[in-house]
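Remarks on the overall topology
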Amino acid sequence: MFRKSGVILATVALVQFMVSLDLSVVNVGLPRIAAGLGFSTLGLTWVIHAYALTFGGLLLLGGKAADRYGRKRLLLIGLAVFAAASLAGGFAQQPGQLVAARAAQGIGAAALAPAALALLSAAFPGGRPRVRAFGVWAAVNAAGGALGVLIGGLLTEYAGWRWVMFVSVPMALAALAMASRVDDVPPNPGRDPDVAGALLATSGMLLLVYGIVRTEIWPLIVAVALLAGFVAVQRRTTRDPLIRFGLLANRSVAGANLFNLLAGAAMASAFYFASLYLQQVLGHGPALTGVMFLPFALAVVAGAVAAVRLGYRLPGRALLIAGGLVTAAGFALFGRIGVDGSFAADVLAPSVIAGFGFGFCLGPVVSIATAGVADHESGTASGLLNSSRQVGAALGLAVLGTVADRHPGAGGYALGLTLCAVLMGAAVLIAVTVLPRRVAGAGDPQPAAHR
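Presented here is a report on the structure given in the accompanying data block.

Scoring rules and cut-offs
- Each chain has its residues counted from 1, following the order in which its sequence is written.
- Confidence filtering applies because this is a predicted model: local features only for residues at pLDDT of at least 70, side-chain atom pairs given and counted only at 80 or more, and all residues used for totals across whole chains, interfaces and linings.
- Heavy atoms throughout the structure, all of them, feed into the side-chain values; hydrogens and water do not.
- Numbering of helices and strands runs from the N terminus, with a helix taken as a DSSP run of H or I at least four residues long and a strand as a DSSP run of E at least two residues long.
- Atoms counted for the radius of gyration: C-alpha only. Globule rule: 2.2 Å times residue count to the power 0.38.
- To sort residues, take the accessible area from a 1.4 Å probe on protein chains only and compare it with the maximum for the residue type: under 20% means buried, over 50% means exposed, and anything in between is partly exposed.
- The criterion used for residue contact is that any of the two residues' heavy atoms lie within 4.5 Å.
- Surface exposure here means Shrake-Rupley accessible area, sampled with a 1.4 Å probe, where a residue is shielded only by the protein chains that are shown.
- For this count, His and the chain ends are skipped, Lys and Arg are scored as positive, and Asp and Glu as negative.
- To locate a charge, the coordinates of NZ of Lys, CZ of Arg, CG of Asp or CD of Glu are taken.
- Where helices are involved, their axes are fitted lines through C-alpha atoms of the stretch in contact, as for all axes, and angles between N-to-C directions lie from 0 to 180°.
- Under this scheme an angle from 65 to 115 degrees is roughly perpendicular, one under 35 degrees roughly parallel, and one over 145 degrees roughly antiparallel; angles in between are oblique.
- Asp, Glu, Lys and Arg are counted as charged, while Ala, Val, Leu, Ile, Met, Phe, Trp, Tyr, Cys and Pro are counted as nonpolar; the rest, among them Gly, fall into the polar class.
- What a helix should span is 1.5 Å times the count of its residues minus one.
- N or O atoms closer than or at 3.5 Å make up a polar contact, with two conditions inside protein: a donor-capable atom paired with an acceptor-capable one, and, for residues adjacent in sequence, both atoms drawn from side chains.
- Every case where a carboxyl oxygen of Asp or Glu lies within 4 Å of a side-chain nitrogen of Lys or Arg is listed as a salt bridge.

Some points on the overall build of the protein chain
Secondary structure assignment for the protein chain yields 18 helices and zero strands. Over its C-alpha trace the protein chain gives a radius of gyration of 20 Å, about what one expects of a compact globule, namely 22 Å for 451 residues. On the principal axes, the C-alpha backbone points of the protein chain span a range of 60 × 45 × 45 Å. Expressed as a percentage of its 451 residues, the buried residues of the protein chain come to 59%. Here the analysis covers contacts within the protein chain between residues at least 6 apart in sequence; of these, 84% occur between residues at least 24 apart. Accessible surface, the protein chain: about 17,000 Å² in total, of which carbon and sulfur atoms supply 68%. Side chains of the protein chain carry 30 positive and 15 negative charges; the gap between the two charge centres is 8 Å.

Encoded structure:
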């Protein structure tokens with residue numbers, strides 16, 4: 001049993017590292033990508049949005065499909081699509097081709113991520129092994145996102161920006177080989193998932209972000225109509241709905257996803273602003289900018305490890321509150337950057353503080369969001385959690401990027417980072433008011449009477 005669960009943990013760790021890396025690996029390369037393919041300033045943001053929105057918008061469908069057709073099967077399909085899309089993106093010759101490849105990567109990730117997380121949740125149902133497994137997941141998730149900036153900077157400067165796409169191909173192929181050895185529980189027989197609902201949700205989110213970025217009212221109106229249609233379809237469909245709204249009545253699920261949405265919005269925006277500040281204001285190249293993110297990466301991993309150790313004694317809610325407060329403090333310090341700043345004086349300490357706090361949150365939020373969920377809905381719960389992060393990232397970058405754009409240069413980046421602190425403060429408020437004090441099945445230590 002240990003050997004089988006070990007194979008699952010190793011496979012899921014590699015998959016999550018790849019998915020997280022792909023979210024951030026393009027950030028440092030954006031200026032070179034714009035010059036190489038002729039992106040406009042507005043169009044360049046869609047290199048990020050295309051991935052985040054197709055990923056986030058289709059994750060619920062991916063989670064439901066994993067439950068219905070088999071987690072291992074969806075994992076293998078998603079990895080194959082991801083590898084092919086990464087290869088196509090590396091060979092892109094026009095902006096539209098790269099955006100399409102990024103969207104295809106998001107589709108592949110939407111299939112593989114919830115399937116992988118559902119396999120992990122089933123292999124480690126509770127207790128200390130679950131805390132340890134989700135701690136490993138959190139560490140590689142954090143390392144992928146943070147090291148993606150470092151890897152992206154080095155690849156952009158010394159190999160060319162196309163390698164920020166090519167780098168995912170060998171990882172996807174290695175994960176395919178490992179996933180073929182994974183055992184899976186039988187798929188849950190039932191109705192086919194609601195594809196129409198997934199299309200309504202994804203198109204609604206795409207138009208919502210488009211309307212925010214362009215500050216145009218009509219796309220926003222259509223987006224609201226599409227999202228309302230999604231809710232209506234979920235309530236009336238004869239197919240298996242993407243999400244049972246009763247699942248959101250679970251305070252652990254609802255609170256963890258709200259926290260994750262706000263944290264995802266803050267972190268994705270912070271990566272974007274910090275990368276541009278280091279390159280366009282302080283004048284550093286892509287490689288050095290990537291190196292400057294290394295302290296942040298190490299701090300995230302350290303925070304994730306610390307959360308594992310404390311998770312044996314403290315409830316996940318307490319860890320989320322503490323981690324969120326530390327992250328908010330780091331972003332608040334980050335918001336003091338200026339045109340005459342420096343890495344050592346203005347970036348290093350805030351990035352370490354924010355990184356440690358964010359790493360502290362990653363394992364607990366996943367464990368809380370999937371604890372106590374019926375096995376046949378574990379893929380849905382996993383997809384919902386991943387979706388909240390990706391949708392939060394896209395919406396956060398759209399809103400904060402639009403606000404910061406009205407204040408050019410260092411002032412705009414400082415304002416954006418300050419708003420990231422506000423978002424993390426709101427996430428802490430959610431954890432305090434919505435999450436129960438103890439979550440059964442999340443590895444939380446229970447009172448003696450219940451042991």
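A short note on the packing of helix H4 (residues 46–69) against helix H5 (residues 71–90)
Packing of H4 against H5 leaves a shortest axis separation of 8 Å and a crossing angle of 150 degrees. For the element pair H4 / H5, the angle class is roughly antiparallel. Across the interface between the two elements, Tyr 51, Ala 65, Ala 66, Asp 67 and Tyr 69 of H4 pack against Arg 71, Arg 73, Leu 74 and Phe 82 of H5. Looking at the contact of H4 with H5 residue by residue, the class counts come to six nonpolar, no polar and three charged.

Observations regarding helix H10 (residues 195–214)
Structurally, the α-helix is built with 3.6 residues per turn, so residues lying three or four positions apart point the same way. Under the 1.5 Å per step criterion, the end-to-end length of H10 is 28 Å for 20 residues, consistent within 8% with the ideal 28 Å. Turning to H10, its buried residues are Gly 197, Ala 198, Ala 201, Thr 202, Gly 204, Met 205, Leu 208, Val 209, Gly 211, Ile 212 and Val 213. Measuring from the backbone nitrogen of Ala 196 back to the side-chain oxygen at the start of H10 gives 3.4 Å, which picks out Asp 194 as the cap. Just downstream of H10 lies Thr 215, where phi reads positive at about 50 degrees.

Section: the pattern of salt bridges
Counted by the stated rule, this structure contains one salt bridge. The partner of Arg 102 in a salt bridge is Asp 22, with the nearest N and O atoms 2.9 Å apart. Here the residue Arg 102 occupies a position in helix H6 (residues 95–123), and Asp 22 occupies one in helix H1 (residues 2–24), the gap between them amounting to 80 residues. Each member of the pair Arg 102 and Asp 22 is classed as buried.

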